[in-house]
Amino acid sequence: GDARSAQLRRRSTPEAFADFARGLAANAREGVTLRGPVTLQPTLRPRASGALTVIVDDCLDGTAQRYFDRAGEPTGQAGDRRPIRVELVDSPGPVRWVVGSLADGPATACERSGS
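My aim in this report is to walk through the structure given alongside it, one point at a time.

Parameters at a glance
- Residues numbered from 1 in each chain as written.
- Predicted model: local features only at pLDDT ≥ 70, side-chain atom pairs only at ≥ 80, totals over all residues.
- Heavy atoms only, no water.
- Pairing = 2+ DSSP bridges.
- Helix = DSSP H or I, 4+ residues; strand = E, 2+ residues; numbered from the N terminus.
- Disulfide = S-S within 2.5 Å.
- Buried < 20%, exposed > 50% of the residue type's maximum accessible area, 1.4 Å probe, protein only.
- Axes fitted to C-alpha atoms, helices over the stretch in contact; angles between N-to-C directions.

## Comments concerning the pairing of strand β7 (residues 97-104)
Okay, so step 1: Looking at chain direction, strand β6 (residues 81-90) and β7 are connected through 7 bridges and run antiparallel. The residue bridging V86 from the neighbouring strand is L102, located in β7.
Okay, so step 2: Hairpin connection, β6 to β7: the antiparallel pair is bridged by 6 residues.

Listed below in structure tokens is the structure:
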């Protein structure tokens with residue numbers, strides 16, 4: 001992830017972008033970078049007709065990711081699995097649905113995924 005990424009900024013609200021940027025800055029302060037694939041199996045929660053937001057619960061599986069230090073060497077640490085809840089906001093801009101918020105999700109999201 002790169003907090004300077006125009007793609008990240010276009011696909012998130014200013015508040016969500018600030019959260020992402022804080023997380024990336026924390027990794028930078030610690031001198032680590034996380035690389036590798038993330039597995040997602042999202043479940044869309046029902047929404048009211050005409051609603052401007054959608055809630056997605058998922059189990060973010062980053063166990064195939066690895067941490068690297070400033071020199072690009074592996075630290076031996078791996079990513080983790082955690083339930084997440086993402087609020088998607090209907091946007092009038094060029095990207096229709098953008099991330100409005102990202103939070104801890106229900107534990108059942110990881111139980112359901114089987115991963």
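Don't stop here, the text continues.
## What to know about the state of the cysteines
Okay, so step 1: Within this structure, the stated rule accounts for 1 disulfide.
Okay, so step 2: Here C59 is linked by a disulfide to C110, with a sulfur-sulfur distance of 2.2 Å. The sign of the 90 degrees torsion about the S-S bond sets the C59-C110 disulfide as right-handed. Taken together, the residues span a long stretch of sequence, with C59 in strand β3 (residues 53-61) and C110 in helix α3 (residues 108-113) at a distance of 51 residues.
Okay, so step 3: Classification of C59 by relative accessible area gives buried; the value is 1%.

## Focus: the sheet that holds strand β1 (residues 32-35)
Okay, so step 1: Ordered in space as β1-β4-β5, the 3 strands form an open sheet in which the pairing is antiparallel. Of all strands in the sheet, those with a lone pairing partner are β1 and β5 (74-78), marking the two edges. Taking each pair of neighbouring strands and ignoring which way they run, the sheet shows an average axis angle of 30 degrees.
Okay, so step 2: In this structure, strand β4 (residues 66-69) lies alongside β5, joined through 2 bridges in antiparallel fashion. Bridging from a neighbouring strand, R66 pairs with A78 of β5.

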